[in-house]
Amino acid sequence: MQRVLRMGIAVNQPEQSLSALKPFMPASDVSLAIRAAFLDLIGDPFYEKEQECVRYIPDGLLIVENGVIQEFGSYEALQSRYGSLPITAYPGKLVLPGLIDTHIHYPQMEMIAAYGEQLLEWLNKYTFPTEAKFKDITYARHMAAQFLDELLKNGTTTALVFAAVFPESVDAFFEEASRRNLRMIAGKVMMDRNAPNYLRDTAEQSYLDTKALIQKWHKRGRLLYAITPRFAVTSSESQLELAGKLRQEFPDVYLHTHLSENVNEVALVAKLFPHRQGYLDVYDQAGLVGERSVFAHGVQLTDAEFQRLSAAKAAIACCPTSNLFLGSGLFKFHCAKSRQHPVKLGLGTDVGGGSSFSLLRTIHEAYLVAQLQGRPLSPFQSLFLATLGGAEALCLTDKLGNFTVGKEADFIVVDPQATPLLRLRNPHVPAASIEHLADQLFAVMTLGDDRVIQATYVAGSLAYQG
Ligand code: GUN
Ligand code: ZN
């Protein structure tokens, strides 16, 4: 089966093996009623007044049917209509939309926290040898399961994920995500040069493999596919052009790659592509820049490149823990979120370059990065980036990002008093006002991690309990 896929043919047979999979966590087909304090964003607090973007219901009720939000409002207003349903109550807890990680590598889980190198050396020394292990589908399945456990434990319900260069690594990931009914986006790494032999594909083979994987997985249940050239350094011009051809052939799939992360990387790209205007132009000339294109990092982008991303409606996945850990630099939030040239922006953990699976830790480091530039993010701006902003970056606002009726019921239960220190810092729950809530939320983001995630629900089903 795997050999057939590598030849890029017979894309229909593998579906049999998938339909034979037993669902691990089936979508809920029964009604669910959750009573708690709810917080979500209904607008972008970088551009609109916070009181118009923030929706806070201190005593709310969320009704879910068939994995979809059926009703949402205050308990008082809804109780007469839904009083007969059994209600799951979370007194003193805060329910948020599921967190969205717009850039992460599942094969790098086991090499998180690798010491001492910056990007290019780090790739050679730690990353490539680790990713080689994902040729073995049994190993890949084992790691995919642990990876998804870790996401759910951290309150992440959707992620845009790099697999490895081997098509089997994508199968393993999607099989496991499908069992859990998760909305996940992933793709096979395309990489035909400047990498060890054992990890290189060819332009033509990567095209055929990617095409077969799109046909097999894209829009299967909640799964979506991303064409995934690793970065300009490891792709020939012809591989990038074939990635562009795939985008034309499958206009509703994603394009996911790295862009302008590290100074030495940018210099190497200029050397490899002397006939291009800059790093982004390498991708642009191959037809890779547009809606549903997500570029990780963008630390070294020029103003002109930010403007081009804005005009193209492309997105950036900002990865602060990674940018600090690998010494790449400080992302310019104010350039991405400029009023004249707004760029869609989400947060990425970038594990294993990033140092945590937690989007709360990522938010904390985003705050530090912005604070170092004299422009601290507000708590609601940070929450926006990890929820509705992430959904915007992934063109999924019709399905994810907040509690609007009709969206998919992925949400998390957060305990603002999860540790002794947090209990001291947040003595009174639920917060009595938006100002009080901003203060509590900021403390949760600054001090919290997976310990504050009490439960994670996926399409209305409990998928993790702390
Ligand atoms: N650029 C190319 N590959 C990678 C990767 O695996 N991690 C990060 N952080 N940057 C990259
Ligand atoms: Zn990355």
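In this report, the structure presented in the accompanying data block is examined. Model, not experiment: these values are computed from the prediction. (Residues numbered from 1 in each chain as written. Chains lettered and ligands numbered in written order. Predicted model: local features only at pLDDT ≥ 70, side-chain atom pairs only at ≥ 80, totals over all residues. Heavy atoms only, no water.)

1. A closer look at the packing of aromatic side chains
The tally for this structure, following the rule as stated, stands at 19 aromatic pairs. On the basis of an interplanar angle of 85 degrees and a centroid distance of 5.4 Å, the ring pair of tyrosine 106 and phenylalanine 134 is categorised as edge-to-face. Taken together, the residues span a long stretch of sequence, with tyrosine 106 in the loop between β5 (99-105) and α5 (119-131) and phenylalanine 134 in the loop between α5 and α6 (137-153) at a distance of 28 residues. For phenylalanine 134, a relative accessible area of 0% puts it in the buried group. (Phe/Tyr/Trp six-rings, centres within 6.5 Å; stacked < 30°, edge-to-face > 60°. Helix = DSSP H or I, 4+ residues; strand = E, 2+ residues; numbered from the N terminus. Buried < 20%, exposed > 50% of the residue type's maximum accessible area, 1.4 Å probe, protein only.)

2. Details of the site of ligand 1
Taken together, 13 residues lie near ligand 1, and His105, Gln108, Arg230, Glu261 and Asp350 sit nearest. Contacts to ligand 1 include arginine 230, whose side-chain N or O atom sits 2.7 Å from an oxygen atom. In the model, a nitrogen atom of ligand 1 is placed 2.7 Å from a nitrogen or oxygen of the glutamate 261 side chain. About the coverage of ligand 1: the protein hides 100% of its 270 Å² of free accessible area. The element contributing the most residues to the shell around ligand 1 is α5, with three residues. Across the shell around ligand 1, the residue classes tally to five nonpolar, five polar and three charged. (Near = heavy atom within 4 Å. Polar contact = N/O pair within 3.5 Å; in protein donor to acceptor, adjacent residues only side chain to side chain. Areas by Shrake-Rupley, 256 points an atom, 1.4 Å probe, with all protein chains shown as cover. Nonpolar A, V, L, I, M, F, W, Y, C, P; charged D, E, K, R; others polar.)

3. Quick word on helix α8 (residues 203-217)
The terminal C-alpha atoms of α8, which comprises 15 residues, lie 21 Å apart, in line with the 21 Å expected from a rise of 1.5 Å per residue. Taken together, the buried positions of α8 are occupied by Ala203, Ser206, Tyr207, Asp209, Thr210, Ala212, Leu213, Ile214, Lys216 and Trp217. Phi turns positive, to about 70 degrees, at lysine 219, one or two residues after α8. (Expected span 1.5 Å × (residues − 1).)

4. A short note on the coordination of the zinc ion (ligand 2)
Protein-derived coordination of the zinc ion (ligand 2) comes from His103 (NE2), His105 (NE2), His258 (NE2) and Asp350 (OD), at a distance range of 2.0 to 2.2 Å. If you look at the zinc ion (ligand 2), its four donor atoms make angles of 88 to 168 degrees with each other, and the shape they trace is irregular. Along the chain, the residues donating to the zinc ion (ligand 2) fall in the pattern H-x1-H-x152-H-x91-D. With histidine 103 in strand β5 and aspartate 350 in the loop between β13 (344-347) and α15 (359-372), this residue pair connects regions lying 247 residues apart in the sequence. With respect to class, histidine 103 is no different from aspartate 350; both count as buried. (Donors = N, O, S within 2.8 Å, 3.2 Å for Na, K, Ca; no water. Tetrahedral: all angles 85-135°; square planar, octahedral: opposite > 155°, others 65-115°.)

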